Protein chains: 4
Amino acid sequence: MTLGLGIIGAGRIGRVHADTLTTRVPGAKLHIIADIHAPSAKAAADDYGIPAHSDDPAALFDLPELDAIVICSSTDTHTRFIKMAAQAGKHIFCEKPIDHDLAEIDAALAAVDAAGVQLQVGFNRRFDANHIRLKQAIETGEIGAPQLLHIISRDPAPPPIDYIEVSGGMMMDMMIHDFDMCRFLLGEVVEVFAMGACMVDPAIGAAGDIDTAKVMLRFENGVIGSIENSRQAVYGYDQRVEVFGSQGAASSGNRHANAVTLSDGQSVRRDLPLNFFMDRYMDSYAAEMAAFVQAIATDQPVPVNGQDGRAPVLMAKAGLRSLRENRLVRLDEIDGD
Amino acid sequence: MTLGLGIIGAGRIGRVHADTLTTRVPGAKLHIIADIHAPSAKAAADDYGIPAHSDDPAALFDLPELDAIVICSSTDTHTRFIKMAAQAGKHIFCEKPIDHDLAEIDAALAAVDAAGVQLQVGFNRRFDANHIRLKQAIETGEIGAPQLLHIISRDPAPPPIDYIEVSGGMMMDMMIHDFDMCRFLLGEVVEVFAMGACMVDPAIGAAGDIDTAKVMLRFENGVIGSIENSRQAVYGYDQRVEVFGSQGAASSGNRHANAVTLSDGQSVRRDLPLNFFMDRYMDSYAAEMAAFVQAIATDQPVPVNGQDGRAPVLMAKAGLRSLRENRLVRLDEIDGD
Amino acid sequence: MTLGLGIIGAGRIGRVHADTLTTRVPGAKLHIIADIHAPSAKAAADDYGIPAHSDDPAALFDLPELDAIVICSSTDTHTRFIKMAAQAGKHIFCEKPIDHDLAEIDAALAAVDAAGVQLQVGFNRRFDANHIRLKQAIETGEIGAPQLLHIISRDPAPPPIDYIEVSGGMMMDMMIHDFDMCRFLLGEVVEVFAMGACMVDPAIGAAGDIDTAKVMLRFENGVIGSIENSRQAVYGYDQRVEVFGSQGAASSGNRHANAVTLSDGQSVRRDLPLNFFMDRYMDSYAAEMAAFVQAIATDQPVPVNGQDGRAPVLMAKAGLRSLRENRLVRLDEIDGD
Amino acid sequence: MTLGLGIIGAGRIGRVHADTLTTRVPGAKLHIIADIHAPSAKAAADDYGIPAHSDDPAALFDLPELDAIVICSSTDTHTRFIKMAAQAGKHIFCEKPIDHDLAEIDAALAAVDAAGVQLQVGFNRRFDANHIRLKQAIETGEIGAPQLLHIISRDPAPPPIDYIEVSGGMMMDMMIHDFDMCRFLLGEVVEVFAMGACMVDPAIGAAGDIDTAKVMLRFENGVIGSIENSRQAVYGYDQRVEVFGSQGAASSGNRHANAVTLSDGQSVRRDLPLNFFMDRYMDSYAAEMAAFVQAIATDQPVPVNGQDGRAPVLMAKAGLRSLRENRLVRLDEIDGD
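Because the structure is a prediction, the values reported are computed rather than measured.

**Comments concerning the confidence of the model for chain A**
Of the residues in chain A, 99% have a pLDDT of 70 or more, and the chain-wide mean is 96. Note on the complex model: pTM 0.96, ipTM 0.95.

Here's what the structure looks like:
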């Protein structure tokens, strides 16, 4: 059986999924890509050999050959398209975050449940070989009972200011991946304490956001964690995680384009790590889509469901409140936000 | 412009090229795959979505939609298909080695020249990020004038004995990649001294071959090199090269599926390196085919030509003679073999 | 000129200083070691070739050949011996922490000032090659303006419970080194938030202490830092620091007894890191004592003075209050404690 | 019991032994150092607190307080002093090489045997933590049956030409350590093939020596080995060994003064490895002397005996003949040289 898919949104991430779905995802047939900006839809269709394209996302919901819709449009359109897809009986893959508003998210998840379709949220890092290996180290008992977690997540450069202005801020846009990683590795978090600052670019501060942050978290199982974010690591994309436990520790390093070491009169060195999330995580995008297609095709639960999409938004809100109020915030304080 | 291609041979390496040509090589259109074993051709066509398949390789030479033929059949058929393709005016990509016999090779190269087509030989490692980085370190002067070279090349496990019996032996089948690497990095070799033994499996010795070898080489430019081969590294595919020069050294390490380090009460460790040439070098297969397609499409010289295919065979012959006669062998002793 | 020294306290750390002073510190002459436990003093004198020993620490203050006293007795005796040494006009090297009580510390520092002698506090890690290199990376601008700091400090195994009971607790006894490292690398800290737990041994919790902790700190210069401590890393002494800045990052790794990598059918591994602070930091003990002797001999300020001894005690107190009250604590809240 | 020692030769290596014997070798008492250049003897005595010094090496043989003589004078004096010490009934530690002439060596070893004293030869690298770990990996079966060996040994810079002229050449002076390492790790060698060249400094060639070499060796147990030497690695002292076996591989890396990694906009790098043999191998000098003192004091065989001193000289001679005659040389061809 081949799963029929359509993509809404032909921007950067929409093109990533178009690429993987047309070349690297077995059992998938990408029929169409839609974007309200028609030239983008056409360009993606041409570049990836997609049979059809459209400037009307709503048109996809009526196409009988589509089993699932991949939502890659801007965040503010996510819940609308989720609800429309659910009503049309289509399974849904939606990029992160589902929305910045918990009530909006809850309404969308309710529509999904009511329709009896499945929703997978695009936390691609769960499908990265490093992070999977860390989870395996935890789950097999290789490092004993987890006690401490530290996540380093640094981008090579900040996004444009106009993106930052609509992004929901560093916690909602960037650290949300790390909040998800916390849950993926070690389960639910109950308390958050955040410190943040604007150190990279004053324009980010002027836009009301931070570009540098550290967050401490207490997990339900007692583990104490921390997350570091910076919008700018001059040496490239820096993505490392360490879990320490009663019987050992597991630490992931960065990925590099080559494994060559150079020694000269100055230093022993290697080239910079992969510099961009699409280089670093390309395999994980293919793997998450393959997992989605496989789950739908075999009628199994998707590996990252709606609740997994909601929880990191809640954590981001707790982090933001901690920043504002300069105090430890319990996640159960937030739920009425 | 799109280049039309057909593949002859639907075995392991034929399928690798079918995979890359259908998904990862821009500007290529794979029309057909042929194999005298019809089910193999059909299976490959199904698996990679190739429009046609055939059990008659010769049929490809008449197809007008084919600009180039990719020869992946057994080594003893290479020169025959090269000559047929050349006569049909098709460009040619041929797997290594072209042949075990220098006269046969010369005849095939003459046919290629006479037809005015191009021939690229499948030394895929030249397209690997590690090896390219080493070459760049040499060519940019980053490590000064090269003085010493050491190549380690170890397979995870020996091939079946019946393969070994027709392979031309370890030097012609396995070390030939390293001989090519020598030339890729540092140019022509003038002298070879070899030591070899059967240490892994007595059956390999009984088949008249060795499974462990070390070769010392002197380059035209004075560099002193060495190559180590083993048919069996229990920890996986071990592929490392070090070039030492007047201003530094460049060393490549192995590639791993993840970059996770585990510490426990026994050791600080990581998982084994990639265990198989198709994992280790998959990107290089895509890159070599992209380079071939690009060169033909733009009418530029292919990056690994017939002479590059012939020279490592000559080196292997010198190595074999050194083994037999237990002495230093000059390459110019061989050319009448 | 040779500086005459006497040691008070012939326990573990007293013996370390006896060892370095008799073999590795130029310009020093160790005349005597005293311990109220006479056999310990004698054993140390025998083992390190010290001319004299005594069971009466007070006897040292009258010896004219002594220019300086090295105080290695239990923490509760530190300020008493500091004051006696100061009154006798002797320079002082005192192990960390000076005391658990800020008023006691202030009185001792006042006595030192009044006597016009110098006091160096035993924060040996400031003399470790890794930490010095990190500081150099910061001070030379190699990594630009510092933005984030993360310190990992884990012991191989917890000390005996009866030691824990008098130690002042994990923050005062163990993390105090990391608080000092914060100041050494990046200057003064203004705010502290701590999470801690007893995860290693319930007996530690029963003694009123924690064995696992993470602390977040804000520095006067805006840097956001964190410290992780565990009383038990099964793989050995784990001491790593990372400073991230606007132009790069500097990270220290652990030290190992050998630099051998082993590959087998299971993993690529190396032996565990140095397992004990005396292995890991032995060179730093020699270097700190050499720096002390050199400073006194040349009448220069000692590199780790009384104020450097006091500040980490203050930080530990802030950390303890944060733990108790589950909130961010400003250091200026503490000073009346 | 304390072993009484005297040193002949107060040059660089004599001072190394004076340093370790006075500070780091338990059970040793260094009574005197002699050098025909009186100021050198006096300087060493002053610097290391040695009670006596002399400009007459012969005077040491009559001193009843000396149990052993440490010979650190120039190579051409070694066998003379060995014979005198033996006749005086003193045990002997002699620096490498014993001599460049096998007959001279044999005469000295005969004198040692006749006198019933012990002779240890200064192959200090056998006492280095890396090399010991490699040997352990071999002996415990951790890597199975050894099959291949590769030794990289590169100096940071060539010695002065006048030293090279009396040194016996690169093979006798520098590679002799690696020949010893071959035997230490894997036993006797039966065949040698060498390539060498002058690539670093033409003045070395003018002095009749080479500065760059690679040697292939076949061991009695079938292992195939190679050694690389260069007189100049611009990045510092490069000392690495890899042993490959049926169950795995063990590889040693270089030692560094710190374990700090720096990342910036250009590279991920660390500082150069230790740059000088006295930094890299200082611990091994202390350990070899401790082992000597311990063996003599307990009447056990010394760990590196006269035969261990002779064999690498024989290997160097075979290497030199291979270089001259451009062919594989069996060690049993040499023994009449």
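**Brief notes about the pairing of strand β5 (residues 91–94) of chain B**
Residue and element names in this part refer to chain B. Every second residue of β5 is oriented toward a common face, with H91 and F93 on one face and I92 and C94 on the other, all of them buried. Looking at chain direction, strand β4 (residues 68–71) and β5 are connected through four bridges and run parallel. Bridge pairing in β5 links I69 to I92. Taken together, β4, helix α3 (residues 78–87) and β5 constitute a β-α-β crossover, and its handedness is right-handed. At this point the chain moves from β5, through helix α4 (residues 102–115), to the parallel strand β6 (residues 119–121), and the crossover so formed is right-handed.

**Notes on the pattern of salt bridges**
Evaluated as defined, the whole model comprises 119 salt bridges over all chains. One salt bridge connects E104(A) with K83(A), and the closest N-O pair in it is separated by 4.0 Å. Of this pair, E104(A) sits in helix α4 (residues 102–115) while K83(A) sits in helix α3 (residues 78–87), placing them 21 residues apart in sequence. A relative accessible area of 30% means that E104(A) is categorised as partly exposed. For K83(A), a relative accessible area of 28% translates into the label partly exposed. A salt bridge links K42(D) to D46(D); the shortest N-O distance between them is 2.7 Å. Within this pair, K42(D) and its partner D46(D) are both found in helix α2 (residues 38–48), separated by four residues, close to a single helical turn. Looking at K42(D), the relative accessible area reads 40%, which means it is partly exposed. Salt bridges sharing partners connect three or more residues here, namely R154(A), K214(A), E228(A), D238(A), R240(A) and E242(C).

**Remarks on the environment of T75(D)**
Residues and elements named next belong to chain D. Mapping T75 onto the fold places it in the loop between β4 (68–71) and α3 (78–87). On the accessibility criterion, T75 (22% relative accessible area) is partly exposed. Residues T75 and G9 lie 66 residues apart in sequence; the distance between their C-alpha atoms is 11 Å. Excluding residues within four positions of it along the chain, T75 makes contact with P97, I98, D99 and H100.

**Here's the deal with the relation of the copies chain A and chain C**
Take chain A, turn it by 180°, move it 0.0 Å along the axis, and it overlays chain C with an RMSD of 0.1 Å. What the rotation and shift describe, once combined, is the action of a two-fold rotation axis. Within chain A, the C-alpha atom positioned nearest to the axis of rotation is that of R327(A), 3.1 Å from it. Both copies present the same face, since 100% of the interface residues in chain A are matched by interface residues at the equivalent positions in chain C.

**Section: the relation of the copies chain C and chain B**
Superposition of chain C onto chain B requires a rotation of 180° combined with a translation of 0.0 Å along the rotation axis, giving an RMSD of 0.0 Å. An overlap of 100% is found between the interface residues of chain C and their copies at the interface of chain B, pointing to a shared contact surface.

**As for helix α1 (residues 12–23) of chain D**
The terminal C-alpha atoms of α1(D), which comprises twelve residues, lie 17 Å apart, in line with the 16 Å expected from a rise of 1.5 Å per residue. Looking only at α1(D), the buried set comprises I13(D), G14(D), V16(D), H17(D), A18(D), T20(D) and L21(D).

**Some remarks on the interface of chain C and chain B**
The interface is formed by 14 residues belonging to chain C together with 14 residues belonging to chain B. Together, the buried faces of chain C and chain B total about 950 Å²; carbon and sulfur atoms form 69% of this surface. The largest share of the area that chain C buries against chain B comes from Y235(C), V268(C) and L272(C), three residues that together contribute 39% of it. Scanning the region where chain C abuts chain B turns up zero salt bridges.

**So, the interface of chain A and chain C**
Listed per partner, the contact involves 40 residues of chain A and 40 residues of chain C. Of the roughly 3200 Å² buried at the junction of chain A and chain C (both faces included), carbon and sulfur atoms supply 65%. Contact with chain C buries area across many residues of chain A, yet M195(A), K214(A) and M216(A) alone supply 21% of it, more than any other trio. For the interface between chain A and chain C, the tally reads four salt bridges. The partner of R154(A) in a salt bridge is E242(C), with the nearest N and O atoms 2.9 Å apart. In this assembly, chain A and chain C are joined by eight residue pairs in polar contact (both at pLDDT 80 or more). Listed by contribution, the elements that provide at least two residues to the side of chain A that touches chain C are β7 (146–154), β8 (189–197), β9 (212–219), β10 (224–230), β11 (238–245) and β12 (248–252) of chain A. Broken down by class, the residue content of the side of chain A that touches chain C amounts to 19 nonpolar, 14 polar and seven charged.

**Quick notes on the domain arrangement of chain A**
All names here are of chain A. Per the domain assignment, the segments making up chain A are domain 1 (3–117) and domain 2 (126–277 + 312–335). The gap between the C-alpha centroids of domain 1 and domain 2 is 28 Å. Tallying the contact residues gives seven residues for domain 1 and 14 residues for domain 2. Summing both sides of the interface, domain 1 and domain 2 together bury roughly 810 Å²; the carbon and sulfur share of this comes to 71%.

**With respect to the sheet that holds strand β2 (residues 28–34) of chain A**
All names here are of chain A. An order of β3-β2-β1-β4-β5-β6 is seen for the six strands of this open sheet, with the pairing classed as parallel. Two strands close off the open sheet at either side, each with one partner strand: β3 (52–54) and β6 (119–121). The sheet shows a mean angle of 20° between the axes of neighbouring strands, taken without regard to direction. Note: strand β5 (residues 91–94) against β6, three bridges, orientation parallel. Bridge pairing links I92 to L119 in β6. On top of the sheet, helix α11 (residues 282–297) reaches β1 (3–8), β2, β4 (68–71), β5 and β6; it is set at about 165° to β5, its chief contact.

**Observations regarding the packing of aromatic side chains**
Under the counting rule described, the total for this entry stands at 21 aromatic pairs over all chains. Ring plane angle 70° and centroid distance 5.6 Å describe the contact between F93(D) and F292(D), whose orientation is recorded as edge-to-face. Taken together, the residues F93(D) in strand β5 (residues 91–94) and F292(D) in helix α11 (residues 282–297) connect sequence positions 199 residues apart. Residue class for F292(D) comes out buried when judged on its relative accessible area of 0%. Over the ring of F81(A) we find R80(A); its NZ or CZ atom is 4.8 Å from the centre of that ring.

**Re the packing of α1(D) against α11(D)**
Residues and elements named next belong to chain D. Relative to each other, α1 and α11 sit at 65°, their axes nearing to 9 Å. Judged by the angle between their axes, α1 and α11 are roughly perpendicular. Crossing handedness for the pair α1 and α11: right-handed. Along the contact surface, α1 presents I13, V16, H17, D19, T20 and L21, while α11 presents M282, Y285, A286, E288, M289 and V293. Split by residue class, the contact of α1 with α11 holds eight nonpolar, two polar and two charged.

**A closer look at the packing of helix α8 (residues 175–186) of chain A against helix α12 (residues 306–325) of chain A**
The description of two packed helices rests on the angle between their axes and on the distance between the axes. All names here are of chain A. With their axes 9 Å apart at the nearest point, α8 and α12 run at an angle of 120° to one another. Along this stretch, α8 crosses α12, giving a crossing that reads as right-handed. Contacts between α8 and α12 pair I176, F179, D180, C182 and R183 from the former with Q307, D308, A311, P312, V313, M315 and A316 from the latter. The residue inventory of the contact of α8 with α12, partitioned by class, reads eight nonpolar, one polar and three charged.

Each value, and the rule that gives it
Residues numbered from 1 in each chain as written. Chains lettered and ligands numbered in written order. Predicted model: local features only at pLDDT ≥ 70, side-chain atom pairs only at ≥ 80, totals over all residues. Heavy atoms only, no water. pLDDT = per-residue confidence, 0-100. Buried < 20%, exposed > 50% of the residue type's maximum accessible area, 1.4 Å probe, protein only. Helix = DSSP H or I, 4+ residues; strand = E, 2+ residues; numbered from the N terminus. Pairing = 2+ DSSP bridges. Right-handed = clockwise from strand over helix to strand, strands pointing away. Salt bridge = Lys/Arg side-chain N within 4 Å of Asp/Glu carboxyl O. Contact = heavy atoms within 4.5 Å. Least-squares fit on C-alpha atoms with pLDDT ≥ 70 in both. Expected span 1.5 Å × (residues − 1). Buried area = accessible area lost by both parts, 1.4 Å probe. Polar contact = N/O pair within 3.5 Å; in protein donor to acceptor, adjacent residues only side chain to side chain. Nonpolar A, V, L, I, M, F, W, Y, C, P; charged D, E, K, R; others polar. Domains from an automatic or database assignment. Axes fitted to C-alpha atoms, helices over the stretch in contact; angles between N-to-C directions. Phe/Tyr/Trp six-rings, centres within 6.5 Å; stacked < 30°, edge-to-face > 60°. Lys NZ or Arg CZ within 6 Å of the ring centre and 35° of its normal. Parallel < 35°, antiparallel > 145°, perpendicular 65-115°, else oblique. Left-handed = near helix turned anticlockwise from the far one by under 90°.

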